[in-house]
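Architecture and fold: a report
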Amino acid sequence: MAAIKVKDLSYYYPDNKKAAVERIDLEIPEGQFVLVVGGSGSGKSTLIRAIAGLIPEFYGGAYGGNVYLDDKEIRQFERRELVQKVGMVFQDPESQLVMTNVEQEIAFGLENLGLSNDLMIRRVIEFTSALNLSDSLPSFIPELSGGQKQKVALASVLAMQPDILLLDEPTSQLDPIAGEEILTMIRRLNEENGITVVLIEQRLERCFHLADRILVMDKGKIVYDHHAPEAIAHWAIKNNYPFIPPLAKLFASIGYPEIPVTVKQGRCILKSNKIPDQITNPRLVALVPKPEEVEISEQECLVDMQHLWFSYPNGEEILKDINLRINPGDFIVLMGENGSGKTTLMKNINGLLKPGRGQLKALNKDMKKSSVEEIASVVAYLSQDPNDYLFLPTVQEELAFTLNNLGLVDNGISQATLTRLKLNSQAEKNPRDLSTGERQRVALASVLVSSPKLLMLDEPTRGLDYSLKDELGKILLQLQADGTAILVITHDVEFAAEYADKIILMAQGTIIARGSKYAMLSNSTFYSPQISKLFNNIVDGPVTLKQGQDVLRKIMALNKKQALLV
Amino acid sequence: MLTYREKDNLIHKLHPFTTVAFVGIIFLLSLVFSHPVYLLGLLLAVGAVIIAAGHFEEWKVYLKFSIVMILIIMIINAIFVHVGETVLYSGPHIPVIGKISISLEALAFGAGMGIRLLVIISSFCLFTYAVHPDRVLKLFSQWGNKSVLVMTLSTRLFPLMIKDYFRIIEVQRCRGVKFNTGRWWERAKNILPVISVLLVSSLERSLQLAESMHARGYGSGIRTCYTRDLWRPRDYLVLIAVLLSLMTGIWAAIQGRSSYDYYPRLPAINLADVEIASFIVFMLMVPAILNWGWKKWPLLKSKI
């Protein structure tokens, strides 16, 4: 018996002429772990909302077709019965938690079901200990970290004991470690309790191997549905579809017969080949650029930071003895745990925070004496949430707003910025009506319109899918080529590996390591992309997809030659 | 962020109903009585319980503030009320007020009302620091579910909005919006984008919140109320004691003992009133006495 059966489902959001999903047929057997991938606007969220019964009940709109849960049509369920059958965890932990403390939050759903107090206590205790939340039971929710909040959201849904768990990008707002913890928990629930899981995720490198089945969606339709990741990888390469993790992409893109989904499998495949001795074989080593020493040039630099210290008024030291120079055309990525001082460093550079001891010059201005408004036109800053920028009725006005504030004249710069960010067709639209990726580009445009010399971005890849990340990366490379210096804070190792030049690693307020990305990413266990992990101690150096492809091609060619010789 | 901090003493380990009942009864009695002996007794009782709960430091702040208020009440009352017979000071004629004449009765009346105010403020102090706001809300949610949910949601969302507000200010400053310079109307105008962003974002968030509540079955039928608060012997002891004091108070009021005629001349204090007030105070001090025993004898702690 299929736990979920979708038959000929089509749906239009209210006042929308374009179908969000169109003629979907799908059967998911009980206990399956299904991963749904696709770009923004592909209909993934709509599909799982239809399975949760939120569409059409909560959203309204035009609905056609049927959704069955255990062979019962979803609209025939009493709501109480339905919410005990399917549970749903949403993207943003902030906007799904209702109560002030953890215990009450988990009990909230149970109270809605009208359960007896004894049963509620039992469930609350059981699920908090299962999700390792027992110590946080009395905690005030606004004081928890993002990862813990999402765990609370998960626990509060699980406490209602649903047979089916739906998750809409549950880790997109979290740092990688917290995200991984959530995904591992979901996998455990699926394996140990047989809960059917339908998961939408963007960080495929973390969950591709967890799923029993992968659905690929595009333009409201399921375009590919397969249980084997290899098949998906081949299909995606053939159709030039971006939604596969780097490792699978690497092997599939050069036509390798086997496709690994984990680094472990990839290394097994590599080792089954005869690998020429990497040290004595000059041809392989020559493939990757030699890690260059980061030399800080003496030329006019944009940011010159010497022995910089920063403390908050309560005396807590956030930055300790930081030395850093940023030159025109630099592409630097700042990495490190939450709370290591990355954002504080950025806010010191653009004058949002006043430096403490030491020297900080940005474009030859002493930042101890300058304010953010004074250098806003040359040092641009894009914060995590693009929504914080957008309030005017059209995209065009957002750009004009910045120019106006900074006292700059629009000599065609806003048009040029819109063209560069491919926003021309959106110029007259309300930015709040645009998709995630477009909103971010509008926010970026609103700070780029002043033609800054330094662009700083705080976690720009959060919540973006592979193709949007790729787009963003390309825009940044273009800007870099024009001489703009770029400083990015990110947890996204894959993004850093693909686009950055230099990497700075921060911990507890100090810079603990810095260097070119080749030096920094290829010899690290955790701060390294899948490609580096794959080649670690087998071939030194590859970091980007392109380099990985070159090395793998050589290995294939050599092995073919040897096979022919034998 | 939250003023409440759990402490290890008996007052903090009472059932929220008991604490709320205690505070409520003190509040009620302070309104019923205008007799200074009873009011002083109530102040003594609530003060003892506040100290027992470990909130002397916080109470001091309340006290400082209220004493200033009381002095003001006394002065204004003494200047404007001229019905007292025991004149302490007689001064010159001042327009509007008339002849300055300060009587003992007017001062005493001011002091009496000041003590009443002090009792009320102290009972609020106890309510703020000795019981978790969530538990109180939960207690009332059995009767008024929706309004309690609205209150909870606001407590939950308020810190979030404050955080949003400061973040948006930063973001807009990076776009050249000036919040710290210029005339006040320019600054007021500049705050508009921040408010707009805040409103639009809050609206979006509230829709998502509603969706999440819907998905967790909110509004699907009659709700039950989750509570893990336990009833212990201490709650019964305290409740019986405060009920006795309430009943005594009501009885005294029916007997006409609650009021005290300050004017025209202060009557003598009746011994019977002192005895009744002592009984009420003793009963109201039961939580403080139990707390003292609780700390002194572990055996008592284990029994109650």
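Just so we're clear, the structure is a prediction, and the values are computed from it rather than from any experiment.

**Side note on the packing of helix 1 (residues 16-32) of chain B against helix 2 (residues 36-52) of chain B**
Residue and element names in this part refer to chain B. Helix 2 packs onto helix 1 with a crossing angle of 160° between their chain directions and a minimal axis gap of 10 Å. Classed by the angle they form, the pair helix 1 and helix 2 counts as roughly antiparallel. As helix 1 packs across helix 2, the resulting crossing turns out to be left-handed. Residue-level contacts link Ile26, Leu29 and Ser30 of helix 1 to Leu39, Leu42 and Val46 of helix 2. When its residues are assigned to classes, the contact of helix 1 with helix 2 shows five nonpolar, one polar and no charged.

**Examining the packing of helix 10 (residues 246-253) of chain A against helix 22 (residues 545-565) of chain A**
Residues and elements named next belong to chain A. Relative to each other, helix 10 and helix 22 sit at 45°, their axes nearing to 9 Å. Classified by the angle between their axes, helix 10 and helix 22 sit oblique to one another. In terms of crossing hand, the pair formed by helix 10 and helix 22 is right-handed. Here Pro246, Lys249, Leu250 and Ser253 of helix 10 come into contact with helix 22, specifically with Leu545, Gly548, Gln549 and Leu552. Per-class residue counts for the contact of helix 10 with helix 22 are four nonpolar, three polar and one charged.

**Details of the confidence of the model for chain A**
Overall, the predicted model of chain A reaches an average pLDDT of 89, with 95% of residues at or above 70. For residues 279-286 of chain A, every residue scores under 50 in pLDDT, and the model assigns this stretch nine contacts once sequence neighbours within four places are set aside.

**Remarks on the sheet that holds strand 20 (residues 510-516) of chain A**
Residues and elements named next belong to chain A. Ordered in space as 16-17-18-13-19-20, the six strands form an open sheet in which the pairing is mixed. Strand pairing shows two members of the sheet lacking a second neighbour, strand 16 (379-382) and strand 20, which therefore form its edges. Taken pair by pair, the neighbouring strands of this sheet meet at an average axis angle of 15°, ignoring direction. Pairing of strand 19 (residues 502-507) with strand 20, which is carried by six bridges, proceeds in the antiparallel orientation. By the bridge assignment, Leu505 is partnered in strand 20 with Ala513. On top of the sheet, helix 18 (residues 466-481) reaches strand 13 (331-336), strand 17 (454-458) and strand 18 (485-489); it is set at about 145° to strand 18, its chief contact.

**As for the interface of chain A and chain B**
Contact with chain A, which involves 54 residues of that partner, is made by 44 residues of chain B. Elements that contribute at least two residues to the side of chain A that touches chain B include exactly helix 3 (79-83), helix 4 (102-112), helix 5 (117-130), helix 14 (372-375), helix 15 (395-405) and helix 17 (436-448) of chain A. Here the side of chain A that touches chain B gets seven residues from one element, more than from any other, and that element is helix 4 of chain A. Of the residues in the side of chain A that touches chain B, the class split is 28 nonpolar, 17 polar and nine charged.

**Quick word on the sheet that holds strand 14 (residues 359-362) of chain A**
The pairing of strands in a sheet happens through backbone hydrogen bonds and is either parallel or antiparallel. All names here are of chain A. Read across the sheet, four strands follow the order 12-11-14-15 without closing on themselves; strand pairing throughout is antiparallel. Two strands lie at the open edges of the sheet, namely strand 12 (317-326) and strand 15 (365-366), each paired on one side alone. Note that strand 14 and strand 15 share two bridges and pair antiparallel. Note on strand 15: the bridge partner recorded for Ala362 is Lys365. Across the face of the sheet, helix 13 (residues 342-349) comes into contact with strand 11 (303-311), strand 12 and strand 14 while running at roughly 60° to strand 12.

What counts and what doesn't
- Residues numbered from 1 in each chain as written.
- Chains lettered and ligands numbered in written order.
- Predicted model: local features only at pLDDT ≥ 70, side-chain atom pairs only at ≥ 80, totals over all residues.
- Axes fitted to C-alpha atoms, helices over the stretch in contact; angles between N-to-C directions.
- Helix = DSSP H or I, 4+ residues; strand = E, 2+ residues; numbered from the N terminus.
- Parallel < 35°, antiparallel > 145°, perpendicular 65-115°, else oblique.
- Left-handed = near helix turned anticlockwise from the far one by under 90°.
- Contact = placed C-beta atoms within 7 Å.
- Nonpolar A, V, L, I, M, F, W, Y, C, P; charged D, E, K, R; others polar.
- pLDDT = per-residue confidence, 0-100.
- Pairing = 2+ DSSP bridges.

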